[in-house]
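Spelled out, the chains give:
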Amino acid sequence: MNSLPPFSDAIVVGAGFAGLSAAATLASSGKSVTVLERHEQAGGRARAFSHEGFTFDMGPSWYWMPDVFEDFFGALGSEVNDHLDLIRLDPSYRVWFDSGPVDIPAGSAAVQDLFESMEVGAGEKFRRFLIEAGRKYKLGMGRFVRQAGHTPLELLQPSILPHAAGLSLFGSLSKHVRRNFSDPRIIQILEFPVLFLGARPSNTPALYSMMNYADTALGTWYPMGGMNRIVNAMESEATRQGVQFHYGVDVEEILESGGRAIGVVAEGRTCLSDTVVAAADYHHVEQDLLSKEWRRYDESYWQGRTMAPSSLLFYLGIEKRIDHFEHHNLFFDSPFEPHAETIYDDPSWPEHPLFYVCAPSRTDASVAPPGCENLFILIPLAPGLAHDESEQERLFGDVMDRIQMRTGEDLRPHIVFRRDYAHREFENDYNAFRGNAYGLANTIGQTAFLKPKMRSKLPGLFFAGQLTAPGPGVPPSLISGQLAAEEANEWLSQFAHGQAIPA
Ligand SMILES: Cc1cc2nc3c(=O)[nH]c(=O)nc-3n(C[C@H](O)[C@H](O)[C@H](O)COP(=O)(O)OP(=O)(O)OC[C@H]3O[C@@H](n4cnc5c(N)ncnc54)[C@H](O)[C@@H]3O)c2cc1C
């Protein structure tokens, strides 16, 4: 670890997407910024690891909402294309139903044709559904999502109301979809994107049909080399702006003096600053790093939150090509409701869960040795489950059996590398509350101003990341970092450089 600076205008805790975004944004306005990250690399849940020619992205694999990345790099005076070699996937993804696979093509017109072939009249209904979803996307991204969530008044500005007229926003997404479509496959395809938001479609506001616009109209993209390339790009952009990164540094305490945040203690050393942006998991920062009098929320508040699911992940190296797979594969060959009950109603290990297989080596030869396949398998699970190797092994068997049943391929004899990752690892690696993977769910009661507040009770401390506004996912985490940086910048405007009070 290189030596920590005694003073920075801003300290950012955590180098996930939110921390990288906050740090780069603050530095671009001329502030001295130090990032402290407990791992030896940036990325947080989006880290990567390599093993004998395989390179695995550990978390996110869907590059959606390209406009958010364009805005981020644009605000820093560069362009996405300066950093990333993006390709649009076509098909966007393959869905495996029990009746067989369906490819979701790139582009709205092609999806319209697909839906018409499944349900008479669904093509035209989808065209209209998507126009509304597009209006919501523009409204949501322009007005709702880029709000720090301080007060309900943010949603009631007069400028918003004309844009919101006639849109179905606060009813449930599930009802919104079912009002328009009846083929169960179309319903599942249209409800799938909100699983990113961490809640059941019946408990997610209809505003989020904007995700269908993101899916169909804006497309599914892939940065060649892997999703971790986004992290590298943000880190190099932040470094260009002057941010100093310190890896392998665990922050142990947020320091307070005179009723405001004045820095942190990390690895037993004091680092002073005029503001702190905490971009590690919110619950960990408040409960473990902040003294009790400055916590806005107690343990019972957190116990009452609906967390987004945790996940059981299998990273697999396969010594043959699997032509049955597209880049993204959703196995919806089993009913969702029993699985959803184990996630949201009765936390337990599911019998035959829905799962997702990412095969980036279908697109990108650099992530696997020649003739091999790089697979990442994800099963959403209830947060808070105790580590249980026999359940993990049973689910591995279930997934392998179903892949064999649907594709005719038994992967097991061809596995040359396997690594499992679940709650225990999320907790140990990220201090994740109840081993959550995607933060706090975007339920109707946990949206916008109903999320844990970005401004701490302790003046000068701000939160960023997937447990505060605007919510889980890479693009929202990026926006969260920008919003927290704006808050911190406003706070810093009252100080002359170097004013933190020694503890
Ligand atoms: C398996 C998986 C798949 C996903 N798939 C997608 C997808 O396809 N598309 C998408 O958009 N989103 C996806 N997501 C969600 C997305 O990855 C997250 O919402 C986003 O990465 C969260 O970023 P963050 O910065 O809020 O948190 P994190 O990435 O967790 O960053 C927090 C950082 O803080 C550090 N830290 C914690 N405590 C301390 C401490 N005390 N001191 C110093 N550092 C500390 C951690 O090490 C970490 O680096 C996925 C998530 C997972 C887990």
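Note: the structure precedes this text.
None of these values were measured; they are calculated from a predicted model. (Residues numbered from 1 in each chain as written. Predicted model: local features only at pLDDT ≥ 70, side-chain atom pairs only at ≥ 80, totals over all residues. Heavy atoms only, no water.)

A. The arrangement of the layout of surface pockets in detail. Computed from the structure, the largest pocket encloses a volume of approximately 220 Å³. Residue lining of the largest pocket: 14 residues in total, with Arg178, Glu191, Pro201, Phe336 and Glu337 positioned closest to the centre. Contributing elements (two or more residues each) for the lining of the largest pocket: helix H7 (173-180), helix H8 (184-191) and helix H13 (336-345). The dominant element in the lining of the largest pocket, judged by the number of residues it contributes, is H8, at three residues. When its residues are assigned to classes, the lining of the largest pocket shows seven nonpolar, three polar and four charged. (1 Å grid on protein atoms, 1.4 Å probe; cavity = no way out; pocket = protein on both sides within 12 Å on 5 of 7 lines; lining within 4 Å. Points joined across faces, edges and corners; volume = space filled by probe spheres on them. Helix = DSSP H or I, 4+ residues; strand = E, 2+ residues; numbered from the N terminus. Nonpolar A, V, L, I, M, F, W, Y, C, P; charged D, E, K, R; others polar.)

B. Expanded view of the nonpolar core. Formed by 113 residues in total, the largest nonpolar core has its most connected members in Phe115, Phe181 and Tyr315. The contacts of Tyr315, once residues within four sequence positions are left out, are Phe49, Phe56, Asp57, Met58, Leu375, Phe376, Phe417, Arg418, Arg419 and Tyr421. Counting residues in hydrophobic clusters, the runner-up holds 28 residues, among them Val264, Ala266, Cys271 and Phe433. (Core = buried A, V, L, I, M, F, W, Y, C linked by side-chain atoms within 4.5 Å. Buried < 20%, exposed > 50% of the residue type's maximum accessible area, 1.4 Å probe, protein only. Contact = heavy atoms within 4.5 Å.)

C. Quick look at the pairing of strand S2 (residues 33-37). Of all five residues in S2, five are buried, a share of seventy percent or more. The alternating pattern of S2 places Val33, Val35 and Glu37 and Thr34 and Leu36 on opposite faces, both of which are buried. Where strand S1 (residues 7-13) and S2 come together, four bridges link them in parallel fashion. Along S2, the bridge assignment pairs Ala10 with Val33. Each parallel crossover has a hand, and for S1 linked through helix H1 (residues 17-28) to S2 it is right-handed. With four bridges joining them, S2 and strand S9 (residues 244-247) adopt parallel strand pairing. (Pairing = 2+ DSSP bridges. Right-handed = clockwise from strand over helix to strand, strands pointing away.)

D. Region of interest: empty space enclosed by the protein. Counting across every chain of the model gives three cavities of 30 Å³ or more. The volume enclosed by the second largest cavity comes to roughly 90 Å³. Elements with a contribution of two residues or more to the lining of the second largest cavity: strand S4 (54-57) and strand S16 (373-381). Within the lining of the second largest cavity, the residues separate by chemical class into eight nonpolar, four polar and one charged.

E. Representation of the packing of helix H2 (residues 66-75) against helix H16 (residues 474-492) in the model. Two elements in contact, H2 and H16, have axes whose closest approach is 9 Å; the angle formed by their N-to-C orientations is 30°. It follows that H2 is roughly parallel to H16 by the angle criterion. The interaxial crossing formed by H2 with H16 has left-handed handedness. Side by side, H2 and H16 meet where Val68, Phe69 and Phe72 of the first sit next to Val474, Pro475, Leu478, Ile479 and Gln482 of the second. Within the contact of H2 with H16, the residues separate by chemical class into seven nonpolar, one polar and no charged. (Axes fitted to C-alpha atoms, helices over the stretch in contact; angles between N-to-C directions. Parallel < 35°, antiparallel > 145°, perpendicular 65-115°, else oblique. Left-handed = near helix turned anticlockwise from the far one by under 90°.)

F. Broad picture of the site of the ligand. Around the ligand, the structure places 38 residues, and the nearest of them are Glu37, Arg45, Trp62, Gln466 and Val474. The separation between a nitrogen atom of the ligand and a polar main-chain atom of Val251 is 3.0 Å. Residue Val474 places a main-chain N or O atom 2.8 Å away from an oxygen atom belonging to the ligand. Coverage of the ligand by the protein amounts to 97% of the 1000 Å² it exposes when considered alone. (Near = heavy atom within 4 Å. Polar contact = N/O pair within 3.5 Å; in protein donor to acceptor, adjacent residues only side chain to side chain. Areas by Shrake-Rupley, 256 points an atom, 1.4 Å probe, with all protein chains shown as cover.)

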